[in-house]
Amino acid sequence: MKFFSYLILSTVFTFASSLGIADEISNVPEFMQSFVIDPNRPAPKEKIALNNMITLNDDMFTIYDRSLGIYRNDFLNNHHLIMGLFSGKGGRFILYRPGQPPLEAESVPPVYQAAKSIGHCAMATFVLLSPYSANPSANLAWLGSLNAYRTNVQTAQDSLSTLDVKPEVRDLLRDTLKQIAAFMDNCIKNRTYTFDELQSYARNIQPILAKLIDVATDAQVKHWWGVLEEWKKMIGKDWDSTYGLSNSIYVARQNNILFSILVQFFGKEAINDRLILMETTDFTTTPELMMDAFMRIVSDRLIGEVFFKNPRLMDFELLGGSARKVIEAEAADNGFKAILPPKVPFNSHEWPWKIDPSTGTGPSSMDQIH
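Counting restarts for each chain: residues are numbered from 1 in the order of the written sequence. It should be noted that, the model being predicted, local features are given only for residues of pLDDT at least 70 and side-chain atom pairs only at 80 or more, the latter also being counted only at that level, while totals for whole chains, interfaces and linings use all residues. Water and hydrogen atoms were dropped before computing side-chain values, which therefore reflect all heavy atoms in the structure.

A. Seen up close, a nonpolar patch on the surface. A contiguous nonpolar surface patch, about 660 Å² in accessible area, is contributed by Leu302, Val306, Phe307, Phe308, Leu318 and Leu319. Inspection of the secondary structure puts Leu318 in the loop between helix 9 (287-308) and helix 10 (320-333). Given a relative accessible area of 39%, Leu318 falls into the partly exposed group. Patch rule: a residue counts if its relative accessible area is over 30% and it has no salt bridge; like charges are joined within 9 Å, and nonpolar side chains (Val, Leu, Ile, Met, Phe, Trp, Tyr) within 5 Å. The accessible surface values rely on the Shrake-Rupley method and a 1.4 Å probe; as for residues, cover is taken only from the protein chains in view. Each reported salt bridge corresponds to a side-chain nitrogen of Lys or Arg within 4 Å of a carboxyl oxygen of Asp or Glu. Elements are defined by DSSP. Helices are runs of H or I of four residues or more, strands are runs of E of two residues or more, and each kind is numbered from the N terminus. For the exposure calls, accessible area comes from a 1.4 Å probe over protein chains only, and a residue counts as buried if that area is under 20% of its type's maximum, exposed if over 50%, partly exposed in between.

Structure (structure tokens):
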């Protein structure tokens, strides 16, 4: 192997010598010469120029990050901020106060997690079995997983008596688990099932899942409502300068519970101004990541005011307005009208999700599904 490596290096060096390049690289050890940039073939001037331009943009991020820390300290020293984060426990609320450590509220009562977990169990059972529904008896790969999940259902059933919930809620949880367990037992006993049986199970358990949803949301909304009432009293006269934000991914955007509760306390005029719904890529995120993203938004408003005479312009894709005109022109050249959202003022206080019922068809809530 060494012989071939040396042969290749020797060939490269001989070829370089024939072009008069050898003198330029003769001061480099022979084993390195094939890795050295050819001095007679410099990078194109256009590429160097572009790289010089790109460096300016790369440096911008370093400058932004440094300045963002300064702006963050100044902002938090002068404003209250309430941060609502999605979590498996029904959310987290953190109050940032000038000159004081962050204050995190107590979690939603445990009944929220109990109701939500059992509801998810009902749907997870369907998800576990549905991939094998074409011929489950021919492929029993599902059976071991279902047996294991059935054991967990039994453990949950056995511990229900010690759960601190109202008697009627305990009965609801027990009835749901019984229904799930009965279907599991039937599949395990027969070592098979049909898609019709799987679908019938899902449809029959749906009404009880709707009741579980009511239990969970009742606990969640009432808890956070009480927290915000207390914090609003605590903040007092500074409430009108308090900021709020919550996070959302796509599926939780339309009916975002935490943001909807915040709106009731902040008022419509605060939406998209002092109250922001922030897109995240996951259900859960960290307060630090949320804080960084929020600070970029509010600090960019200063740039918008100074450069463009409008602090809210930077809340939007800066190139988006100009790109819109090009898209419209390209669509017209191709014989159709561009599909774009309506132009709205930068300082719009509309809800940051679908709000026009005339733009779609079909049900708009679970209660309307028949």
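B. How the structure looks around the side chain of Ser133. Tracing the sequence through the fold places Ser133 in the loop between helix 4 (111-129) and helix 5 (141-158). Two residues qualify as a contact provided that any one of their heavy atoms is within 4.5 Å of a heavy atom in the partner residue. Ser133 has contacts with Tyr193, Phe195 and Leu198, leaving out every residue within four places of it along the chain.

C. Representation of the sheet that holds strand 2 (residues 92-96) in the model. Pairing between strands is defined by DSSP: at least two bridges between the two strands are required. Taking strand neighbours across the sheet as the criterion, the five strands line up as 3-2-1-4-5 in an open arrangement whose pairing is mixed. Across the chains shown, the open sheet's two edge strands, defined by having one partner strand only, are strand 3 (103-104) and strand 5 (275-279).

D. Seen up close, the pairing of strand 4 (residues 243-248). With respect to burial, strand 4 is a largely interior element, six of its six residues being buried. Residues of strand 4 alternate between two faces, with Tyr243, Leu245 and Asn247 on one and Gly244, Ser246 and Ser248 on the opposite face, all of them buried. Sheet topology note: the strand 1 (residues 81-85)/strand 4 ladder contains four bridges and is parallel. Directly across from Met83, in strand 4, lies its bridge partner Leu245. The pairing of strand 4 with strand 5 spans five bridges and is classified as parallel. Following the sheet pairing, Gly244 is matched in strand 5 by Leu275. Tracing the backbone out of strand 4, into helix 8 (residues 257-266) and back to the parallel element strand 5 gives a crossover that is right-handed. Convention used here: a crossover is right-handed provided that the path from the first strand, over the helix, to the second strand proceeds clockwise when the strands point away from the viewer.

E. Region of interest: the packing of helix 4 against helix 6 (residues 167-190). Relative to each other, helix 4 and helix 6 sit at 15°, their axes nearing to 11 Å. Judged on the interaxial angle alone, helix 6 and helix 4 are roughly parallel. Seen along the crossing, helix 4 lies across helix 6 with a hand that is left-handed. Seen from helix 4, the contacting residues are Val111, Ala114, Ala115, Ile118, Cys121, Ala122, Thr125 and Leu129; seen from helix 6, they are Val169, Leu173, Thr176, Leu177, Ile180, Phe183, Met184 and Cys187. Here an axis means a line fitted to C-alpha atoms, over the contact stretch when the element is a helix, while the angle between two N-to-C directions is reported on a 0 to 180 degree scale. For classification purposes, an angle smaller than 35 degrees is called roughly parallel, one larger than 145 roughly antiparallel, one from 65 to 115 roughly perpendicular, and anything else oblique. Take the far helix as your reference; a near helix turned counterclockwise from it by less than a right angle gives a left-handed crossing, and one turned clockwise gives a right-handed crossing.

F. Region of interest: unusual backbone geometry. The phi torsion at Arg191 lies on the positive side, around 55°, for a residue other than glycine. Tracing the backbone shows Arg191 in the loop between helix 6 and helix 7 (195-235). Given a relative accessible area of 43%, Arg191 falls into the partly exposed group.

G. Representation of the pattern of salt bridges. Counted under the stated rule, the structure contains 13 salt bridges. Of the charged contacts in the structure, one is a salt bridge between Asp65 and Arg296, with a shortest N-O distance of 2.5 Å. Here Asp65, found in helix 3 (residues 45-76), pairs with Arg296, found in helix 9; they are 231 residues apart in sequence, far enough to count as distant. Asp315 serves as the salt-bridge partner of Arg312, at 3.1 Å between the closest nitrogen and oxygen. On the basis of relative accessible area, Asp315 is assigned to the partly exposed category, the value being 28%. One continuous salt-bridge network, built from bridges that share partners, spans Asp273, Arg301, Arg312 and Asp315.

H. Molecular detail of the nonpolar core. Residues belong to one nonpolar core when they are buried, are Ala, Val, Leu, Ile, Met, Phe, Trp, Tyr or Cys, and are joined through side-chain atoms within 4.5 Å. Counting 57 residues, the largest nonpolar core has Ile82, Phe93, Leu129 and Ile180 as its most contacted members. Elements with a minimum of two residues in this core: strand 2, helix 4, helix 5, helix 6, helix 7, helix 8 and strand 5. At 14 residues, the largest contribution of residues to this core is made by helix 7. Judged by nonpolar contacts, the second largest core, of 17 residues, contains Phe75, Ile276, Met278 and Met295.

I. Geometry of the packing of aromatic side chains. Between 30 and 60 degrees the pair is tilted, below 30 it is stacked and above 60 it is edge-to-face, where a pair is any two Phe, Tyr or Trp rings, Trp via its six-membered ring, whose centres lie within 6.5 Å. Enumeration according to the criterion identifies 15 aromatic pairs in this entry. An angle of 80° between the planes, with centres 5.1 Å apart, marks the rings of Trp142 and Tyr193 as edge-to-face. Here Trp142 is found in helix 5, whereas its partner Tyr193 is found in the loop between helix 6 and helix 7, with 51 residues between them in sequence. Of the two residues examined, Trp142 and Tyr193, each falls in the buried class. Residues Phe259 and Trp351 carry aromatic rings whose centres are separated by 6.3 Å and whose planes lie at 75° to one another, so their mutual orientation is edge-to-face. On the criterion of sequence distance, the pair formed by Phe259 in helix 8 and Trp351 in the segment after helix 10 is long-range, its members being 92 residues apart.

Any functional reading would require information beyond the geometric quantities listed.
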